[in-house]
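Inside the fold
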Amino acid sequence: MASAAAAEPQNPIRRYSNVAATFHWLTALFVIFQIWLGFSLGEDGPPAEPAFSWHKTIGALILLLTFARLTYRLNNPPPPFPDDLSKWERVAAVWNHRLFYLLLIGLPIGGYLAVSAFSQGKPTALVGGIMLPTIPGIPKEYGEIFGGMHGAAAWALIVLLVVHAGAALKHRFIDKTPASGRMPGLALPGEETVVGQG
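Note that the structure is a prediction, hence the values are computed from the model and not measured.

**Re the packing of aromatic side chains**
Following the criterion strictly, the structure yields four aromatic pairs and no others. Arranged with centres 5.8 Å apart and planes meeting at 20°, the rings of Phe-33 and Trp-36 form a pair that is stacked. With a gap of three residues between them, Phe-33 and Trp-36 both fall in helix H1 (residues 18–40), about one helical turn apart. According to the relative accessible area criterion, Trp-36 is exposed, its value standing at 53%. Above the plane of the ring of Trp-95 lies Arg-98, whose end atom (NZ or CZ) is 4.7 Å from the centre. Directly above the aromatic system of Phe-81 lies the positively charged group of Arg-182, at a separation of 4.2 Å from the ring centroid.

As structure tokens, this is what we get:
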């Protein structure tokens, strides 16, 4: 079995499938919106409505989308890296993705645990009046702990997002490497790509 960071010569570049690209860009949009929502909630007092309902709803959607995306990825391994990327860049990209998945699953679960602690067994409202059951029996004081962990993980996600986007933009506009064409929407002008996944 090949290493996740393995590379091979490619002409044309093998790119992610349209399904994987759709998962990628939808996740990016939801995460950016969620970060904005998170900052809009403020630090003092109970979170304001309807922003908090939107935050919980988008969090639930990100969790479901991430499970669907991970299931697709496990059944359709990503295309290999082109050999014009150095080994350290390939290893960094692999671990960046792994940490993304960890946080995209852990953040909504941590938020759900915090909400459950503060709700004390009562359902919590999502957008559209959908009532989401909470986990009973979590002591209220744990809500602060889970909330703090949720906030720290959100900052870690922001750092990963900046690193990921920065690397993609560097490959596309500074290095002008064909590797940027692995993700539809970022290929160099005139660079031919073929689907290498799915």
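Anyway, onward from the coordinates.
**Points about unusual backbone geometry**
A cis geometry characterises the amide bond from Asn-11 onward to Pro-12, with omega recorded as 5°. Position of Pro-12 relative to the elements: it lies in the loop between strand E1 (7–8) and strand E2 (13–15). Positive phi, normally seen in glycine, also occurs at Gln-120, with a value near 55°. Inspection of the secondary structure assignment puts Gln-120 in the loop between helix H3 (87–119) and strand E4 (124–125). For Gln-120, a relative accessible area of 46% gives the class partly exposed. In the Ramachandran plot, Lys-176 falls in the positive-phi region, its phi being about 50° despite a non-glycine side chain. The topology assignment puts Lys-176 in the loop between helix H4 (140–174) and strand E6 (193–195).

**A short note on the packing of H3 against H4**
As a packed pair, H3 and H4 sit with axes 8 Å apart at the nearest point and diverge in direction by 155°. Overall, the two elements H3 and H4 adopt an arrangement that is roughly antiparallel. Of the two elements, H3 crosses H4, and the hand of that crossing is left-handed.

**Notes on the packing of H1 against H4**
For the pair H1 and H4, interaxial distance at closest approach is 12 Å and the crossing angle is 135°. With respect to H4, the element H1 is oriented oblique. At the point where H1 passes H4, the crossing takes the left-handed sense. Across the interface between the two elements, His-24, Val-31, Ile-32, Ile-35 and Phe-39 of H1 pack against Trp-155, Leu-157, Ile-158, Leu-161 and His-164 of H4. For the contact of H1 with H4, a count of residues per class yields eight nonpolar, two polar and no charged.

**What to know about the environment of Leu-188**
Considering the arrangement of structural elements, one finds Leu-188 in the loop between H4 and E6. Along the primary structure Leu-188 and Phe-146 are separated by 42 residues, whereas in three dimensions their C-alpha atoms are 43 Å apart. In contact with Leu-188, other than residues within four places in its own chain, are Arg-172, Lys-176, Thr-177, Pro-178 and Ser-180.

**Comments concerning the nonpolar core**
The biggest cluster of nonpolar side chains holds 15 residues, and the ones touching the most others in it are Val-31, Ile-62, Leu-103, Leu-104, Leu-107 and Leu-157. Elements supplying a minimum of two residues to this core: H1, helix H2 (51–75), H3 and H4. Of all the elements, H3 adds the most residues to this core, at five residues. Among residues more than four places away in sequence, those in contact with Leu-107 are His-150, Ala-153, Ala-154 and Leu-157.

**Quick word on a nonpolar patch on the surface**
On the surface, Val-91, Trp-95, Leu-99 and Leu-102 cluster together into a nonpolar patch covering about 380 Å² of accessible area. Tracing the backbone through its elements, the reader meets Trp-95 in helix H3.

**With respect to the side chain of Arg-172**
Among the structural elements, Arg-172 can be located in helix H4. The contact partners of Arg-172, leaving out residues within four places of it in the chain, are Ser-180, Leu-186, Ala-187, Leu-188 and Pro-189.

The rules behind each value
- Residues numbered from 1 in each chain as written.
- Predicted model: local features only at pLDDT ≥ 70, side-chain atom pairs only at ≥ 80, totals over all residues.
- Heavy atoms only, no water.
- Phe/Tyr/Trp six-rings, centres within 6.5 Å; stacked < 30°, edge-to-face > 60°.
- Helix = DSSP H or I, 4+ residues; strand = E, 2+ residues; numbered from the N terminus.
- Buried < 20%, exposed > 50% of the residue type's maximum accessible area, 1.4 Å probe, protein only.
- Lys NZ or Arg CZ within 6 Å of the ring centre and 35° of its normal.
- Axes fitted to C-alpha atoms, helices over the stretch in contact; angles between N-to-C directions.
- Parallel < 35°, antiparallel > 145°, perpendicular 65-115°, else oblique.
- Left-handed = near helix turned anticlockwise from the far one by under 90°.
- Contact = heavy atoms within 4.5 Å.
- Nonpolar A, V, L, I, M, F, W, Y, C, P; charged D, E, K, R; others polar.
- Core = buried A, V, L, I, M, F, W, Y, C linked by side-chain atoms within 4.5 Å.
- Patch = residues over 30% accessible without salt bridge, like charges linked within 9 Å, V, L, I, M, F, W, Y side chains within 5 Å.
- Areas by Shrake-Rupley, 256 points an atom, 1.4 Å probe, with all protein chains shown as cover.
- Salt bridge = Lys/Arg side-chain N within 4 Å of Asp/Glu carboxyl O.

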